[in-house]
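Okay, here's what each chain looks like letter by letter:
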Amino acid sequence: MRALTWHGTHDVRVDTVPDPEIINPRDAVLQVTSTAICGSDLHLYDGVIPTLQKGDILGHEFMGKVVETGPKSTLKKGQRVVVPFTIGCGACYFCEKQQFSACDNSNPVANQDISEKLYGHAMSGLFGYSHMTGGYAGGQAEYVRVPFSDVGPVVVPDGLEDEQVLFLSDILPTGWMAAENAGIEEGDTVAVWGCGPVGLFAIQSALLMGADQVIAIDHYPRRLELARSLGAKIINFETTKVGEALMEMTGGIGPDAVIDAVGMEAHGFAIDNLLEIAKQKVGIGADRGHALREAIMAVRKGGRVSVPGVYGGFLDKFPLGAMMEKGIEIRTGQTHVQRYSEDLLRRIEAGEIDTTFLISHRLPLEMAPEGYRNFRDNQNEWTKVVLKPGAA
Ligand SMILES: [Zn+2]
Ligand SMILES: [Zn+2]
């Protein structure tokens, strides 16, 4: 089959590789019909995630048609399914608590060392995201093996197009959980740093949850325009002082809740850094947590901070004093995708949530390297790329 494979920093290629096969009884194999490039794929592209190997297939946002099933899969051949990027077994201590992204069984023991040293506990398995998270082949390919296929995949009802449901794999539930973690109450003002796909879905979710005013902060005009089209007020941080503007827009009180949908910049996540951090020698550089620091300083006293943005190591100058003295709550985490699938699918079907507005480019899989390059270098215009395996 053809698949997008990683060969080094800024070197991804579409190669011919062996087809995936059923390995475990609970597996299924999908023929991928749509797959997307995610902001977090750019960390892989930038070569800053450790334990990637040449030839690894990337992609954790995908959907497709079931073409093979193991004897214990509950899927049926021919069904269309969307697959959560977090791999959950459905039966461990964490999955039982609906904390699927903390699953203890989906990351093979041999791959758990790095994350256990870094975080005190091993991470769960993720699709297409290095060997530290299980080494699973991703879905930017013609076919993909889906482990625990009786737990995660969502069967797509007839009548829904791929693009309406594809983002149930990651960014839609991630934006939704970000808003949920912000503890939004009716009438709240919510400020969102970052108008990438997760930030945009967090804005949409916050408004659905009853926020009165959502303020979006970014510097790409097109992304700010998308935020405005959802009903947000916007701040361009290149031309406006964010802290002052937020105070003005909230009558001197500050936002009730803030969402950091930026996360660390990719640069600081080099393997040396990570290993050093594991040894508790050094922190990640000082400028990378800018959005989070600004958000914590801006949020009102007694407010809430939600962090869907990805952080990998330690953060310098973390304003713990501001958090304590202002009485701030903070919530974060990889998304428990499976927990939200049913509710979000229902909202899509009901027309409450539109997922298609942020797609800027649709490309055949063969053009994926061009998609990566532009998604990284032309962020203003390239807001979301959907790849179509099998298309010419
Ligand atoms: Zn993603
Ligand atoms: Zn589990």
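Residues numbered from 1 in each chain as written. Chains lettered and ligands numbered in written order. Predicted model: local features only at pLDDT ≥ 70, side-chain atom pairs only at ≥ 80, totals over all residues. Heavy atoms only, no water.

Observations regarding a nonpolar patch on the surface
Applied cut-off: Patches here: salt-bridge-free residues with over 30% relative accessible area, like charges joined within 9 Å, nonpolar side chains (Val, Leu, Ile, Met, Phe, Trp, Tyr) joined within 5 Å. Note on areas: Shrake-Rupley with a 1.4 Å probe; residue coverage comes only from the protein chains shown. Basic side-chain nitrogens of Lys or Arg form a salt bridge, by our definition, when they fall within 4 Å of a carboxyl oxygen of Asp or Glu. Put simply, DSSP marks the helices as runs of H or I at least four residues long and the strands as runs of E at least two long, and each gets a number from the N terminus on. Categorising residues by exposure relies on relative accessible area from a 1.4 Å probe, with only protein chains included: less than 20% of the type maximum marks a residue as buried, more than 50% marks it as exposed, and the intermediate range marks it as partly exposed.
Together, Phe318, Leu320 and Ile330 give the surface a local cluster of nonpolar side chains, amounting to about 270 Å² of exposed area. As for its position among the elements, Ile330 is in strand β15 (residues 329-332). Overall, the relative accessible area of 38% leaves Ile330 in the partly exposed class.

A word on the coordination of the zinc ion (ligand 1)
Cut-off, in case you're wondering: Sites may look incomplete because water is not among the atoms; the donors themselves are N, O and S atoms within 2.8 Å of the metal, or within 3.2 Å for Na, K and Ca. By the criteria applied here, four donors are tetrahedral when all angles lie between 85 and 135 degrees, four are square planar and six octahedral when opposite donors are over 155 degrees apart and every other angle lies between 65 and 115, and any other arrangement is irregular.
Note on the zinc ion (ligand 1): its protein donors are Cys38 (SG), His60 (NE2), Glu61 (OE) and Asp170 (OD). The metal-donor distances range over 1.9 to 2.2 Å. Around the zinc ion (ligand 1) sit four donor atoms; with metal-centred angles ranging over 91 to 131°, the donor geometry is tetrahedral. Along the chain, the residues donating to the zinc ion (ligand 1) are arranged with the sequence spacing C-x21-H-E-x108-D. Of this pair, Cys38 sits in the loop between β3 (28-37) and α1 (41-45) while His60 sits in the loop between α1 and β4 (61-69), placing them 22 residues apart in sequence. Considered together, Cys38 and His60 belong to a single accessibility category, that of buried residues.

Quick word on the UniProt feature "domain: Alcohol dehydrogenase-like N-terminal" (unreviewed entry) in the chain
Here is the rule we go by: UniProt positions are given in the numbering used here, feature names are shortened, and annotations may be inferred rather than shown by experiment.
The sites that carry the UniProt feature "domain: Alcohol dehydrogenase-like N-terminal" (unreviewed entry) are, in the present numbering, residues 25-153. Secondary structure content for residues 25-153 is 12% helix and 24% strand, while the C-alpha to C-alpha distance between its ends is 15 Å.

Thoughts on the pattern of salt bridges
Applying the stated criterion across every chain yields a total of 17 salt bridges. Notably, a salt bridge pairs Lys384 with Glu61, separated by 2.8 Å at the nearest N-O pair. Here the residue Lys384 occupies a position in the loop between α13 (368-377) and β17 (385-388), and Glu61 occupies one in strand β4, the gap between them amounting to 323 residues. Each member of the pair, Lys384 together with Glu61, is buried. Here Asp256 and Arg300 are joined by a salt bridge, their closest N and O atoms 2.6 Å apart. Residue Asp256 is located in the loop between α8 (242-249) and β13 (257-260), and its partner Arg300 is located in the loop between α10 (290-298) and β14 (304-307); the two are separated by 44 residues in the primary sequence. Residues Asp256 and Arg300 agree in their burial class; the two are buried.

What about empty space enclosed by the protein?
Formally: As defined here, a cavity is a set of points on a 1 Å grid over the protein atoms alone where a 1.4 Å probe fits but cannot get out. A pocket is an open set with protein on both sides within 12 Å along at least five of seven lines, and residues line them when an atom is within 4 Å of a point. Grid points are joined across faces, edges and corners, and a volume is the space filled by probe spheres set on the points. Side-chain classes follow a simple rule in which Ala, Val, Leu, Ile, Met, Phe, Trp, Tyr, Cys and Pro form the nonpolar group, Asp, Glu, Lys and Arg form the charged group, and the remainder, Gly included, forms the polar group.
Under the criterion given, the structure shown has two cavities of 30 Å³ or more. Approximately 60 Å³ is the volume attributed to the largest cavity. Counted by class, the lining of the largest cavity contains eight nonpolar, four polar and no charged residues. As a volume, the second largest cavity reaches approximately 40 Å³. Those elements giving two or more residues to the lining of the second largest cavity turn out to be α5 (171-181) and β14. The element contributing the most residues to the lining of the second largest cavity is α5, with four residues.

Things to note about the packing of α5 against helix α6 (residues 197-208)
Operational definition: All axes here are fitted lines through C-alpha atoms, helices being fitted over the stretch that makes contact, and every angle between N-to-C directions spans 0 to 180 degrees. Roughly parallel covers angles under 35 degrees, roughly antiparallel covers those over 145, roughly perpendicular covers 65 to 115, and oblique covers all other angles. Whether a crossing is left-handed or right-handed is set by the direction in which the near helix is turned from the far one by less than a right angle, anticlockwise for left-handed and clockwise for right-handed. Contacts were defined at the residue level, with two residues in contact if any of their heavy atoms lie within 4.5 Å.
Packing of α5 against α6 leaves a shortest axis separation of 7 Å and a crossing angle of 50°. Classed by the angle they form, the pair α5 and α6 counts as oblique. Crossing angle aside, the handedness with which α5 passes α6 is right-handed. Here α5 contributes Ile171, Leu172, Thr174, Gly175, Trp176, Ala178 and Ala179 to the contact with α6, which in turn contributes Pro197, Val198, Phe201, Ala202, Ser205, Ala206 and Leu208. Per-class residue counts for the contact of α5 with α6 are eleven nonpolar, three polar and no charged.

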